[in-house]
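# Architecture at a glance
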Amino acid sequence: MTKASELENNKSEVYGSRENWPPYTYRDYPDIKPETYKAFMEFLNTENTSGRLMELQPWISLCDSKCAFCYFPTTPTTKVQIEQYLSMLKKELAMYASTKYVKTSVFDEIVLGGGTPSVLSAEQMIDLIDFCKENFNINKEYFIKISGSSKTLALKKLDKLAEYGVFQVDMGAQTFDDKLRKMLCLPDSAADVEAAIKHARKLGLCVCVDIMYNLPGQTMESWENTLKKTIELDAEVDAYSLHVDPGTLLEKMIKNGTSPPQGDAEHEKQLHIKAHEILTEAGYKAVGHDRYSRVEWHMRENCLNGWPWGGILTTGAGCFMGYLQKFSYSNIENINEYMETVAVGKLPIHRLSESTTEDMMRRTMTRLYLLLPVSKKEFMEKFGTTPEKVFPKQLEKLKNQGLIEIDEQEIRLTKKGELWKGNIAWEFAPKSS
Ligand SMILES: C[S@@+](CC[C@H](N)C(=O)[O-])C[C@H]1O[C@@H](n2cnc3c(N)ncnc32)[C@H](O)[C@@H]1O
């Protein structure tokens, strides 16, 4: 039986609808207080003994247009002095680089995120990456990733980035259906996206596309066509289920009837299953949050496999994926406030969460959400106890439902569990105990 048909055969309802996000995301972090800022600064003064390689992720929180669904905190390029922003971004990076924790850390990924980093010129992106290389310990084997839209990734820009040694370009393709693209205010056409991907692949760059399902008005056929086009272009995939966020243009459009609503939970599940089926049959493997990959490197990315002990050092206005072991943080979203804070020599953190040991145990269990096993040996080394002793009810329930397997070494999801990984992660959130 293929992996895909195993998943198909497990369509029986376990939860009413699929959760797409786990607990402990940035929206739950408390606002920063003087005492948590102090605790974080003290932590940054300690040595990093985790033994994990980390990711360095400066955000270019700028876009030249706003997609209707996008909840990322970004500023239009017309409303900011880009050079001034880059200089503050470097200043923030330098503040981290001067700490003991970062001086004793090694990074194996430099990722320009955002936002749309490709709104910068190739020279600006390369200058920022050079700055990172000069100021941080970079592992012998390391990778550079840049995200961008086909609109701002002029072919010449791609040539320069490939020549410099960029490994991967992440492209927000979203859908290859032009009717949907127009409705979602995507600035380029499916043909533009295709041309940029083809050019990048010809240059030997790895391309990872963000594609989305359960878009308003998206049929199964449209989704299948987007998946097939992605495979044909030999791209890696981040397949996201659309979340209609409060305050987005799309939310307003759905409310005022200019956009149809999203499909229901069953439609969403079928679209998810279809993606899993088509992609696994084309040789992709599900990894991490929402990725399907045929590139060996993605299977062993340290910042993923090291969760929650490794780290992503993220910087820039509104960045929200930062975590350094028990500390997780997001930055000030307003770009002017961000720059003013950095200018006076303060870390521009808006929200900061310091996990207790109990929270770290719960976060360790969310490795299941990332399709990673929970090693019993490591759990014992970190906490002096076993997952079964800490979470007896949850593990028993999930095992009886056929969602997880437990052996002497580890706890892992079953094929059936993969479909419900978000819901499974929530079983370990504080409210469930
Ligand atoms: C900050 S964007 C980076 C894309 C980048 N701006 C580009 O031009 O390629 C990261 C990705 O998050 C996903 N995303 C944004 N809003 C989302 C939402 N409301 N629900 C689900 N995924 C979303 C999109 O697929 C998007 O490409």
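Bear in mind the structure is a predicted one, so any value in this text is a computation, not a measurement. (Residues numbered from 1 in each chain as written. Predicted model: local features only at pLDDT ≥ 70, side-chain atom pairs only at ≥ 80, totals over all residues.)

## Quick look at the overall build of the protein chain
Helices and strands together make up the secondary structure of the protein chain, namely 20 helices and 17 strands. On C-alpha atoms alone, the protein chain measures out to a radius of gyration of 21 Å, which is about the 22 Å that the 2.2 N^0.38 rule sets for 433 residues. For the protein chain, buried positions account for 42% of its 433 residues. For the protein chain, contacts bridging at least 24 residues in sequence account for 73% of all contacts bridging at least 6. (Helix = DSSP H or I, 4+ residues; strand = E, 2+ residues; numbered from the N terminus. Rg over C-alpha atoms; globule rule 2.2 N^0.38 Å. Buried ≥ 20, exposed ≤ 12 C-beta atoms within 10 Å, placed from the backbone. Contact = placed C-beta atoms within 7 Å.)

## Digging into the domain arrangement of the protein chain
Split by domain assignment, the protein chain resolves into domain 1 (1-24 + 357-426) and domain 2 (26-305). For domain 1 and domain 2, the distance between their C-alpha centroids amounts to 26 Å. Between domain 1 and domain 2, the residue contacts involve 14 residues of the former and 18 residues of the latter. A per-element tally of the side of domain 1 that touches domain 2 places helix α1 (residues 3-8) first, with 4 residues. (Domains from an automatic or database assignment.)

## A look at the sheet that holds strand β15 (residues 374-375)
What the 3 strands build is an open sheet, ordered β15-β17-β16; its pairing is antiparallel. Each edge of the sheet is formed by a strand with only one pairing partner; in this case those strands are β15 and β16 (404-406). Sheet topology places β15 next to strand β17 (residues 410-413); 2 bridges connect them, and they run antiparallel. Residue pairing for β17: V374 is matched across the bridge by I411. (Pairing = 2+ DSSP bridges.)

## Some words on the site of the ligand
Every one of the 20 residues lining the ligand counts as a neighbour, but T116, S149, G172, D210 and Y240 are closest to it. Per-element tally for the shell around the ligand: the top contributor is strand β6 (residues 168-174), with 3 residues. Of the residues belonging to the shell around the ligand, the class tally is 9 nonpolar, 9 polar and 2 charged. (Near = placed C-beta within 6 Å. Nonpolar A, V, L, I, M, F, W, Y, C, P; charged D, E, K, R; others polar.)

## A few points about helix α3 (residues 82-97)
With 16 residues, α3 extends 22 Å between its outermost C-alpha atoms, agreeing within 8% with the 22 Å of an ideal straight helix rising 1.5 Å per residue. Along α3, the positions that sit buried rather than exposed are Y85, M88, L89, E92, L93 and Y96. One side of α3 carries all its buried residues, which in axial view fall inside an arc of 145 degrees. In this fold, the buried residues of α3 make contact with β1 (54-60), α4 (100-103), α5 (122-135), β11 (311-315) and α14 (335-343). (Expected span 1.5 Å × (residues − 1). Arc of directions from axis to C-beta.)

## Some thoughts on the sheet that holds strand β14 (residues 349-354)
Taken in spatial order, the 12 strands line up as β9-β10-β8-β7-β6-β5-β4-β1-β11-β12-β13-β14 in an open sheet, and their pairing is mixed. Edge positions in the sheet fall to β9 (285-287) and β14, since each has one partner strand and no second. For this sheet, the mean inter-axis angle between neighbouring strands, taken without regard to orientation, is 25 degrees. Along the sheet, helix α8 (residues 190-202) contacts β6 and β7 (206-213); its crossing angle with β6, the most-contacted strand, is approximately 165 degrees. (Axes fitted to C-alpha atoms, helices over the stretch in contact; angles between N-to-C directions.)

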